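# Chains, contacts and geometry: an overview
Listed here are the chains, written in short residue letters.
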Protein chains: 2
Amino acid sequence: MARSVVVDAMGGDDAPRAIIQGALRARSDGVPVRLVGRTKDLAPWLPRDGAPEVVHADDVVDMAEPPVAAVRRSQRSSLRIAMREVAQGRGDAVVSCGNTGAVLVAAVVELGTLAQVDRPALATVLPRADGGRLVLLDAGANVDVRPEVLATFAQLGTAYAEALGVDAPRVGLLSNGTEDTKGSALVREALPMVASCGVHFVGQVEPTTAIEGACDVLVTDGFTGNIFLKSAEGAVQTMTRLLRVEIMRSMWGRVGALLLRRALTRLRAQVEWDAHGGAVLLGTRSTVVVGHGRANPEAVRHAIHLAHDTATTGLVERIERRVAHGAAAKG
Amino acid sequence: MARSVVVDAMGGDDAPRAIIQGALRARSDGVPVRLVGRTKDLAPWLPRDGAPEVVHADDVVDMAEPPVAAVRRSQRSSLRIAMREVAQGRGDAVVSCGNTGAVLVAAVVELGTLAQVDRPALATVLPRADGGRLVLLDAGANVDVRPEVLATFAQLGTAYAEALGVDAPRVGLLSNGTEDTKGSALVREALPMVASCGVHFVGQVEPTTAIEGACDVLVTDGFTGNIFLKSAEGAVQTMTRLLRVEIMRSMWGRVGALLLRRALTRLRAQVEWDAHGGAVLLGTRSTVVVGHGRANPEAVRHAIHLAHDTATTGLVERIERRVAHGAAAKG
């Protein structure tokens, strides 16, 4: 049975336009969607006939406020109502392109976390140089964490990689080297905890070797994870720009680029975030996907597919089993 | 007058061969070099006639030991003797491709730090998308730091950027966002300290915008700085590999790549570490350049040029003035 996805139509830089257009595309692909937002704001972007169901929400989370305060204050916000729809069984997964911190807080308040999960983690899947996929968590939701939280993240990431079809996922702890003398104080304290939490732990892993394929799950705090992601993104963008400059320098370069156009397009699809569509919140009682704030309709469409597919794999149940297994491993 | 560079010939994965070959190339370019190492290990790689001067050192720093202990124990190591040569006025700058932590410790012990500099920082210069250069520090030497150390790094980086010819360098603090609610606890504590240390501070800067050109100096702890560097490096490597795969998929792609060969070579030179050659230790009483452990002869040659050019710009004196200016700014 197809799972239904509840979409916060008001979150994101280009909301509700980009969100609705993306939702309509996902629905054309066969994913049942429901939209949450101010009815009058949504109306101009909806088709006259056969529009998806809209759940009205008076309020929008104010992005100028700190996330916790903003979410607490706005009980009737589209974000909280979208979560509540799923909590009450009127949907299987939530998608929001709003502020990551606000989505995290709303998910904890409205959906709740699984037993033994203190803080949900934001996970994203990246292409590896060896053709495999790398689950990175936390990607930016939990900026300062205690070392024991990284062990929980290792369990959450393992369950997610298994749901993606990876057998006995290798878990690495993101670090600046692999020797015993390397690692921040946080990494060094977390090492024995991750090693004993019931996952297939391969130790400290550097960004370069992680991207090459040294592990399937890369665990880190949200600050470092976000720096990792944005550094890689920045390097790819710079390389693309410099390549364009070099190509334009000569006629033969321009001819070569024409012949390479298809290759370059495929390459871009592999390394750009909007082809991947979003990050998944792990550890909440239902599936939540956080889309990019700058999401365009195609990115929204992908985020909705990601939410649908994730709910279909039974990720929440896998995580529950994995966390229980980890607790048993520890004693 | 040309400054002379003292080279630790025993540090690096491919020492002494790669180090000596690089040093010979730098000497052909006109840089006076002296080598430090075990005479009998160096002899096979030296030319019969007109070999550079060799300062004998019995010992080599043991890489298996933690850096502090290893450096303390080996008083007669090539690394410490190279530093001592400069400390005693028999050279202007040191180059080593040994373990970064060991080079840092040896520099502090043998050369000493400047007044008001607790810990020297490792700085590296990266190409920006806008054609400018980005001074990143710390690149991996000081893994866990207190917030006030980041203010000192801001001063050291400003002096270095000025020595590179940047007028009133803009200083950013590496972070996961620019809003007040962003940043790790370390970043948030450091913000007011960096703002009041007498540099041109532009606030929190994300990796993507830093690479695009939002600042000239990017300040961070050595753990995060190292993750930043290696993530960018990994992304560039992956993109290069994926591009190769896409090119090889079709005949037109291969023809296009042939036409683009020059452009791709120039691009590689701009983004690969060995074209840049090394990182500079800032805050010690003489110039120290740390080459990459995997340095090949060409990278060693660049590191020696970097040491020579840096000593020529009077960086140490600039840093002294800048740190004094910062102390005055604070009151």
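Report on the accompanying structure. Since this is a predicted model, take the numbers as computed values, not measurements. (Residues numbered from 1 in each chain as written. Chains lettered and ligands numbered in written order. Predicted model: local features only at pLDDT ≥ 70, side-chain atom pairs only at ≥ 80, totals over all residues. Heavy atoms only, no water.)

### A closer look at unusual backbone geometry
- For the peptide bond that leads from Ala15(A) to Pro16(A), omega is 0°, which places it in the cis range.
- Checked against the element boundaries, Pro16(A) lands in the loop between β1 (5-8) and α1 (17-28).
- Phi at Ala168(B) is positive, roughly 45°, even though this residue is not glycine.
- Positionally, Ala168(B) belongs in the loop between α6 (147-163) and β7 (170-174). (Helix = DSSP H or I, 4+ residues; strand = E, 2+ residues; numbered from the N terminus.)

### Considerations on the relation of the copies chain B and chain A
- You can overlay chain B on chain A at an RMSD of 0.0 Å; the transform is a turn of 180° with a shift of 0.0 Å along its axis. This pairing of chains is accounted for by a two-fold axis. In terms of proximity to the rotation axis, the leading residue of chain B is Gly256(B), whose C-alpha is 1.8 Å off the axis.
- A shared interface surface links the copies, since 100% of the contact residues of chain B are contact residues in chain A too. (Least-squares fit on C-alpha atoms with pLDDT ≥ 70 in both. Contact = heavy atoms within 4.5 Å.)

### Here's the deal with the pairing of strand β4 (residues 93-96) of chain B
Residues and elements named next belong to chain B.
- Of the two faces of β4, the one carrying Ala 93 and Val 95 and the one carrying Val 94 and Ser 96 are both buried.
- Bridge analysis of strand β1 (residues 5-8) against β4 gives 3 bridges, and the strand direction is parallel. Residue pairing for β4: Val 5 is matched across the bridge by Ala 93.
- As defined by bridge partners, β4 adjoins strand β11 (residues 287-290) across 4 bridges and the pair is classed as parallel. Its bridge partner lying in β11, Val 95 is registered against Val 289. (Buried < 20%, exposed > 50% of the residue type's maximum accessible area, 1.4 Å probe, protein only. Pairing = 2+ DSSP bridges.)

### A few points about a nonpolar patch on the surface
- Judged by side-chain polarity, Met251(A), Trp252(A) and Val255(A) come together as a nonpolar surface patch covering roughly 310 Å² of accessible area.
- Mapped onto the fold, Met251(A) is located in helix α10 (residues 251-259). (Patch = residues over 30% accessible without salt bridge, like charges linked within 9 Å, V, L, I, M, F, W, Y side chains within 5 Å. Areas by Shrake-Rupley, 256 points an atom, 1.4 Å probe, with all protein chains shown as cover. Salt bridge = Lys/Arg side-chain N within 4 Å of Asp/Glu carboxyl O.)

### Regarding empty space enclosed by the protein
- Counted by the stated rule, this structure contains 3 cavities of 30 Å³ or more.
- The computed volume of the largest cavity comes to approximately 40 Å³.
- Every residue lining the largest cavity is listed: Val280(A), Leu281(A), Leu282(A), Gly283(A), Thr284(A), Ser286(A), Thr287(A), Leu315(A), Val316(A) and Ile319(A).
- Of all the secondary-structure elements, those providing two or more residues to the lining of the largest cavity are β10 (279-282) and α14 (315-330) of chain A.
- Partitioning the lining of the largest cavity into residue classes produces 6 nonpolar, 4 polar and no charged.
- By volume, the second largest cavity amounts to about 30 Å³.
- Broken down by secondary-structure element, the contributors of at least two residues to the lining of the second largest cavity are β10 (279-282) and α14 (315-330) of chain B. (1 Å grid on protein atoms, 1.4 Å probe; cavity = no way out; pocket = protein on both sides within 12 Å on 5 of 7 lines; lining within 4 Å. Points joined across faces, edges and corners; volume = space filled by probe spheres on them. Nonpolar A, V, L, I, M, F, W, Y, C, P; charged D, E, K, R; others polar.)

### What about the interface of chain B and chain A?
- Facing 55 residues of chain B, the contacting portion of chain A comprises 55 residues.
- Of the roughly 4900 Å² buried between chain B and chain A on both sides combined, carbon and sulfur atoms contribute 71%.
- Seen at the junction of chain B and chain A, the total is 4 salt bridges.
- The shortest N-O distance in the salt bridge between Arg188(A) and Asp144(B) comes to 3.8 Å.
- Counting only elements with at least two residues in the side of chain B that touches chain A, the list comes to α7 (185-195), α8 (207-212), α9 (222-248), α10 (251-259) and α11 (261-271) of chain B.
- Taken together, the residues of the side of chain B that touches chain A break down into 28 nonpolar, 16 polar and 11 charged. (Buried area = accessible area lost by both parts, 1.4 Å probe.)

The quantities given are spatial measurements derived from coordinates; they are silent on function.
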